[in-house]
Each structure stands twice: as C-alpha cells, then as structure tokens.
Amino acid sequence: MRITLFNLSPFLSSDGSRLIAAILKRANHKVTSIYVARLEPLYCSTVELESLDSILKQSDLVMIGVYSTYVSRAIQLTEFIHSRYPGLKVIWGGPHCISAPELSIRYADGVCFSEGDEAVLELVCRMESGADYLNTPNMAFKIDEAMFQNKVLKPFCDLDSLPYYDYEFADQYLLDKTLLAMDREKFRQRISLYPYNKPTLYVLTARGCPHNCSYCNNCRYTALFGHNPIRIQSADRIMDELECTLERLDFVEFLGFGDDDFFARSIEELEDFAGKYKHRIGLPFGIAVSANSFQKKKLEVLLDSGLKIIQMGVQSGSETVLKEVFHRKIKLSKTREAVDQIAFYHERYNLDLLLDFIIDNPYESQDDIIKTYNYILNLPPSVMLNIFFLSFFPGTPIYERALKDGIIEPFTGESFRRYGRNSMKYQKNYETFLIIFSRYLRSNSKRKKIVMALMRALGIRPLRVLSSILPPSLYASLGKSMQIKTHTKMKNTAKA
Ligand code: SF4
C-alpha cells in the first residue's frame, strides 16, 4: 500500500511515527513521511495544505501521529483530506489517541488506542487484501456514529525484534510554508535543542514506567494493561541501531535517551550498556531517571561512558501535592538524596542535573507553592530547572478531576494549554512569580550564590504578605515577561 504518514509534533527526532514507518516499510509498503516540526503557527496555511496534493493523490491511506498539544493541527489536516479526497481513509495514532480515543474518533476514520507495533501492520494488511479490518486489535472505529473499540493486545515485549527508526530522507518531507524534500541540513538545523543546543538525537530504548502520575498518559497504559511493565532493549541491539543511524546522521553531537527511567535497569544491565556504549558509540549522552530507582553505583557505572546530563522529576516541594494531587510515590527526601549525590559529580565529571517542576496547579495552596520555591532555593547552584505549567491531558486522572470540579472545560484543541504559550492561569500570585524568577536568575546569572541569597530574602513571609496587596495580573505579566526572556535566550543560544 502507499501510505502517507504525518508527524505533527514540533520535533524531528525519534518518535513513534518513525518506528511505524519502519515497520510498514519492512513489510514492503511504500511510506512517505511528512513532518511539520514547528511550535508556531499551529495551523497550516492554505498554500501548505495544497502543496500536499502531489503526495496525497497517490496515497491509498493516510496516518497521523497525534499529540494533544497539536490536535487542532491534526483536525485541520484530517478535514482537509476528507473534503479534498473523499474516500481516502485517515487513521490516527499516538499519545492523544491512547489518552482519548473517544475524542479522536470524532475526526478520524480509525484510531490506534494502544501500542501500534503489531496493530498498524495488521490493519494495513487487512485493508490491502480487502479483508474486514474493523475488528483489528488495538484499533477503534466509528460504527453508526458510536465508537467500537476492539480487544487490546498484551504489551509488546520483544523490542529487539523491531526495525530501526526510519531516517531514510529520500521519502521524507518537511511542511514549512511549502513542501520541501527533507535533507541532512534541514534535519540538522532542527535538532539543536535545550539545554545544550547541539545537534541531539533522541532515542527510546525502553518502554514502561512503574509510576502512575495523575497528569501523565502512562496512566492509560496501566488502565489498558492492568500494569505498565518495563521492557528494555538489549545493549547489543541498542548499539547496532545507534551505529547504523549515526553513520547516516554523522553530525549528531549528543544523544538523549528518552526512556522514562533509565535506572529501571539493573547494575549488571547498566554495566553491559556502559562498556558497549563507550566502545561502539562514545558520544556524550543524557538520561532521565526516577529518584526511587536511583543508586550511586548505577550512576558511577555510566560516568565513564559519556553521561553528561541527568533529568529527574521533582514536580513539587510539597509532599501533600505530590501524594494527593500528583499521585507520586517518590518522597522529597529521596529526591533530595539523589540530587546531592548527582550534584557531587558536577565538577569532576562535568555532569549536569536538570530537575522538572510543575507550577500553576489549581490544587496547590500558596504555602505549597512556597515549599516548592524553598526546595529550589536550597538546590546546589549547578542544578538547572525545567519549569512546566500544569497541562490537563485528556484521559488522565487529573483531567477528570479538574473537569468534575469545574476547573477546566471539556478538552478542545483551542482551549488546551500549549507549550510556548504558557502564562499563569490558576496561580497568579507572588509565590508563583518567585519560582519563575528564580529559574530566570539561575540560568542567567554567574553569581549564583549572591542571587540565591537575594531570592531567599524575597521569599520571607512579611514580603509575601505585603505582595498580596498587589493585583494578581501584575504577577501574571511579570511571570510572562520572565518566561519570554528565558525562551528568547534559549532560542538565541540555539541560533548561535
Ligand atoms: S514518572 Fe514520569 S513517565 Fe512515569 S508516570 Fe510519572 S510522569 Fe509519567
């Protein structure tokens, strides 16, 4: 079959659509991939949509990888295809469809609501042979205006059997003002990302997470499978694919492992990985870990193989918020212990630590927020911060709760809070502003110790009481200007 596969996320590096393309190609289907790869503008222009004609008119099937953040883009594209090419089926897959199949099926002809490794190929084979495809496992369809959801396959475990992610530029395009053939230079320019702004390739070598955070769509896998088992590729398989991909993308300078918890591996598995990685790949790399699985020994195993940054979630400095709102079973004392042990290696190994926090959460009190602020103030000066504004992804427990409590409206692409447009919505106050300000100062000031002393003074109770007299809109606009300054600096560094 001739399949056109759209990826509407803002990033070009590895994600599920490259794997789906590879799976379909291995079965001799012809796949043309089109990437939008931008944050803004959200919608495609008429010229952009019409430039797709040359490819769409030769397609038997269209697939779209959909993220909740960019669902409006997917709806626009789907409606364009349906009106211009009646009869051409559009199948959606990706995180939004796993989280909210019932919202996705309103627009798509079919939705993959779980892992697509086997289901998508099965669907395409049935369609090609003219067989009944409406009962394909892991797929949902609209029948008589109602959603019919087929049975769920067990979690896919044999990750070593998967083909390599598809980086064959010959049949890939970039949709940016018009349709452009993808090439090495276009790809290279778009993969220099925060925090190092070097050409970075993100890879996934494991699936599953032992946690069930209320804001994360991993909850959906737990709901589907009953649990979300950890599945890990063998070290040899990882190196084989990396060698092959890096031969093609020889400009990549940094590797980011997107596994939810790299330390879900045992010490023996990490030793195997580290030895082979150092010998066969050798590029600096970053990982994400959970404080619960953190062990100093695990860290030390990787230090000599090129580990340069660790990303770890803290999310809030309030145990109450962590437990009752975010459903995270990771104690602050445990996170702090991991922070200190990782920060110890900053000087000697040039190892960075990036901590994630979630702010503007309507279920926090101002005292909860100041706990997060104090947690940040007490971090070692070398620690970098990732500040996220709480997003209510449909299908997650926190979305359902906020909907029931009347805090949010039912999900639409327009009402959803998108990355890059963040401003305070629920917590327009001095305390939230302080967190944003501290992130700005941490990333812009060389005299971090002095800055931290100043920030400590700004957080004292009399000042907080005094600041509550000022209008919330003042803190919202101050926070926004800090955000813009931080993001502008990140973009300028990227250009440089
Ligand atoms: S630890 Fe991270 S990946 Fe795992 S459920 Fe929580 S937010 Fe999701």
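This write-up is about the structure you can find in this document. (Residues numbered from 1 in each chain as written. Predicted model: local features only at pLDDT ≥ 70, side-chain atom pairs only at ≥ 80, totals over all residues. Heavy atoms only, no water.)

Overview of unusual backbone geometry
Omega for the bond connecting E40 with P41 falls within 30 degrees of zero, at -10°, which places this linkage in the cis form. In this structure, P41 sits in the loop between strand 2 (30-35) and helix 2 (46-50). Notably, N350 is not glycine yet its phi reads approximately 60°, a positive angle. With respect to the helices, strands and loops of the structure, N350 is situated in the loop between helix 15 (346-349) and strand 17 (352-359). Phi is positive for D360, which is not a glycine, with a value near 55°. Within the element layout of this structure, D360 appears in the loop between strand 17 and helix 16 (366-377). On the basis of relative accessibility, which here comes to 1%, the residue D360 falls in the buried class. (Helix = DSSP H or I, 4+ residues; strand = E, 2+ residues; numbered from the N terminus. Buried < 20%, exposed > 50% of the residue type's maximum accessible area, 1.4 Å probe, protein only.)

Considering the packing of aromatic side chains
Per the counting criterion, the structure on display carries 23 aromatic pairs. Centroid distance Y167 to F187: 5.8 Å. Interplanar angle 85°. Geometry classified as edge-to-face. With Y167 in the loop between strand 7 (146-149) and strand 8 (172-176) and F187 in helix 8 (residues 184-189), the pair connects residues that are 20 residues apart, well separated along the chain. Using a relative accessible area of 3% as the deciding quantity, one classes Y167 as buried. For F187, a relative accessible area of 0% gives the class buried. Centroid distance Y215 to F326: 5.1 Å. Interplanar angle 80°. Geometry classified as edge-to-face. Here Y215, found in the loop between strand 12 (206-207) and helix 9 (218-225), pairs with F326, found in the loop between helix 13 (319-325) and helix 14 (332-343); they are 111 residues apart in sequence, far enough to count as distant. (Phe/Tyr/Trp six-rings, centres within 6.5 Å; stacked < 30°, edge-to-face > 60°.)

Focus on the packing of helix 10 (residues 235-248) against helix 11 (residues 267-280)
To characterise two packed helices, one gives the angle between the axes of the helices and the distance between these axes. Relative orientation of the contacting elements helix 10 and helix 11 amounts to 25°, with a least axis distance of 9 Å. Between helix 10 and helix 11, the angle falls in the class roughly parallel. Crossing handedness for the pair helix 10 and helix 11: right-handed. Residues A235, D236, I238, M239, D240, L242 and E243 of helix 10 touch helix 11, and the partners they reach there are D272, F273, K276, Y277 and R280. Grouping the constituent residues of the contact of helix 10 with helix 11 by class yields six nonpolar, no polar and six charged. (Axes fitted to C-alpha atoms, helices over the stretch in contact; angles between N-to-C directions. Parallel < 35°, antiparallel > 145°, perpendicular 65-115°, else oblique. Left-handed = near helix turned anticlockwise from the far one by under 90°. Contact = heavy atoms within 4.5 Å. Nonpolar A, V, L, I, M, F, W, Y, C, P; charged D, E, K, R; others polar.)

Things to note about helix 14
The terminal C-alpha atoms of helix 14 lie 16 Å apart, and with twelve residues this matches the ideal 16 Å at 1.5 Å per residue to within 8%. Contacts made by the buried residues of helix 14 are with helix 12 (296-303), strand 16 (307-315), helix 13, helix 15, strand 17 and helix 16. (Expected span 1.5 Å × (residues − 1).)

Section: the site of the ligand
In the vicinity of the ligand, the contacting residues are C209, H211, C213, Y215, C216, N218, D260 and R328. A per-class count over the shell around the ligand returns four nonpolar, two polar and two charged. (Near = heavy atom within 4 Å.)

So, the sheet that holds strand 6 (residues 139-143)
Across the sheet, nine strands lie side by side as 7-6-5-4-3-1-2-8-9; this open sheet has mixed pairing. Each end of this open sheet is capped by a strand with a single partner; those strands are strand 7 and strand 9 (178-181). Taken over all neighbouring pairs, the strand axes of this sheet differ in orientation by 25° on average, direction set aside. Where strand 2 meets strand 8, three bridges bridge the pair, whose relative direction is parallel. Looking at strand 8, one finds that Y35 is bridged to L174. Packed on one face of the sheet, helix 1 (residues 16-26) meets strand 1 (2-7), strand 2, strand 3 (61-65) and strand 8 and runs near 165° to strand 2. In the packing of helix 4 (residues 71-84) onto the sheet, the strands contacted are strand 1, strand 3 and strand 4 (90-93), and the crossing angle to strand 4 comes to about 165°. (Pairing = 2+ DSSP bridges.)

Considering the sheet that holds strand 17
Spatial strand order, 10-11-14-15-16-17-18: seven strands in an open sheet with mixed pairing. The outermost strands of the open sheet, each flanked by one partner alone, are strand 10 (192-193) and strand 18 (384-389). Contacts between helix 10 and the sheet are confined to strand 11 (198-203) and strand 14 (254-257), with strand 14 contributing the most and set at about 140° to the helix. Contacting strand 15 (285-289) and strand 16, helix 12 crosses the sheet at an angle of about 150° to strand 16.

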